[in-house]
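Letter by letter, the chains look like this.
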Amino acid sequence: MAKIVEKTILGAVAQVRKYDPKTINELRASEDIIDKYEDVLGSYLVKLSAHELNYLDSREISKILHVIGDLERIGDHADNMLEVVEEMHDKNVSFSQDGMRDLEKMLSAVEEIITITIKSLVEEDTQLASSVEPLEQVIDHIRAEMKQRHISRLQEGGCTIELGFMYADILSDCERISDHCSNVAVCVIQLHDETFDTHDYLNTVKKENNGFFKSEYERLLAKYDLD
């Protein structure tokens, strides 16, 4: 399920760059498969939870349920992006050169976060999972900056209101994908640390004394700098 989600997101991002109706149909089929995986896996885990289980097994089932829920939502956002791409194709419109240049940075960041998130999940790599949160924060930062730049283009007549809504939709999907990646990464860490607490982790990970987070955040911020 995770690998199909990764392929679907990467495919949707590629469609934002270049429209291909055949590929879009294939990606839509993948989204249907993702939904079926969520249903089958979820039903199985719920049946398991009805049995007498020890604390660790119950905890693991709960976390996996969260993971498949986040994976399904990531697939939904891929589908949303495809809808925008199709609408732009049907109306024969495109983003401005400046808007697309900024969007390319966001798309690249989304490609990176989905790749490392899925890899950390599949390989049960907690160290890799810990690198997701800094990138999620960078995506939040560049989305806010892109939003301001987009408003300026609207005010200067460099973009239409209709295109503005489409641009905002794609940005929103990118930001939400990164949020769900963060959730998955947290679950990966939780599944391998009995004492791990999500609230404490998210509250402390961004503190200035967290050297890894700070260095990764600054590195990624420079990598995806819009200027």
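Notes on the structure in this doc start here.

Scoring rules and cut-offs
Residues numbered from 1 in each chain as written. Predicted model: local features only at pLDDT ≥ 70, side-chain atom pairs only at ≥ 80, totals over all residues. Heavy atoms only, no water. Helix = DSSP H or I, 4+ residues; strand = E, 2+ residues; numbered from the N terminus. Contact = heavy atoms within 4.5 Å. Axes fitted to C-alpha atoms, helices over the stretch in contact; angles between N-to-C directions. Parallel < 35°, antiparallel > 145°, perpendicular 65-115°, else oblique. Left-handed = near helix turned anticlockwise from the far one by under 90°. Nonpolar A, V, L, I, M, F, W, Y, C, P; charged D, E, K, R; others polar. Buried < 20%, exposed > 50% of the residue type's maximum accessible area, 1.4 Å probe, protein only. Polar contact = N/O pair within 3.5 Å; in protein donor to acceptor, adjacent residues only side chain to side chain.

**Side note on the side chain of His-180**
At step 1: On the secondary structure map, His-180 appears in helix 7 (residues 161-190).
At step 2: Setting aside residues up to four positions removed in sequence, His-180 forms contacts with Asp-70, Arg-73, Ile-74 and His-77.

**So, the packing of helix 3 (residues 55-90) against helix 7**
At step 1: For the pair helix 3 and helix 7, interaxial distance at closest approach is 9 Å and the crossing angle is 165°. With respect to their mutual orientation, helix 3 and helix 7 come out roughly antiparallel. Taken as a pair, helix 3 and helix 7 cross one another with a handedness that is left-handed.
At step 2: Among the residues making up the contact of helix 3 with helix 7, the classes are represented as 14 nonpolar, six polar and nine charged.

**Some words on the side chain of Glu-133**
At step 1: Among the structural elements, Glu-133 can be located in helix 6 (residues 132-155).
At step 2: The class for Glu-133 is buried, based on a relative accessible area of 4%.
At step 3: In terms of polar contacts, Glu-133 uses its side chain to reach the side chain of Ser-182, at 2.5 Å.

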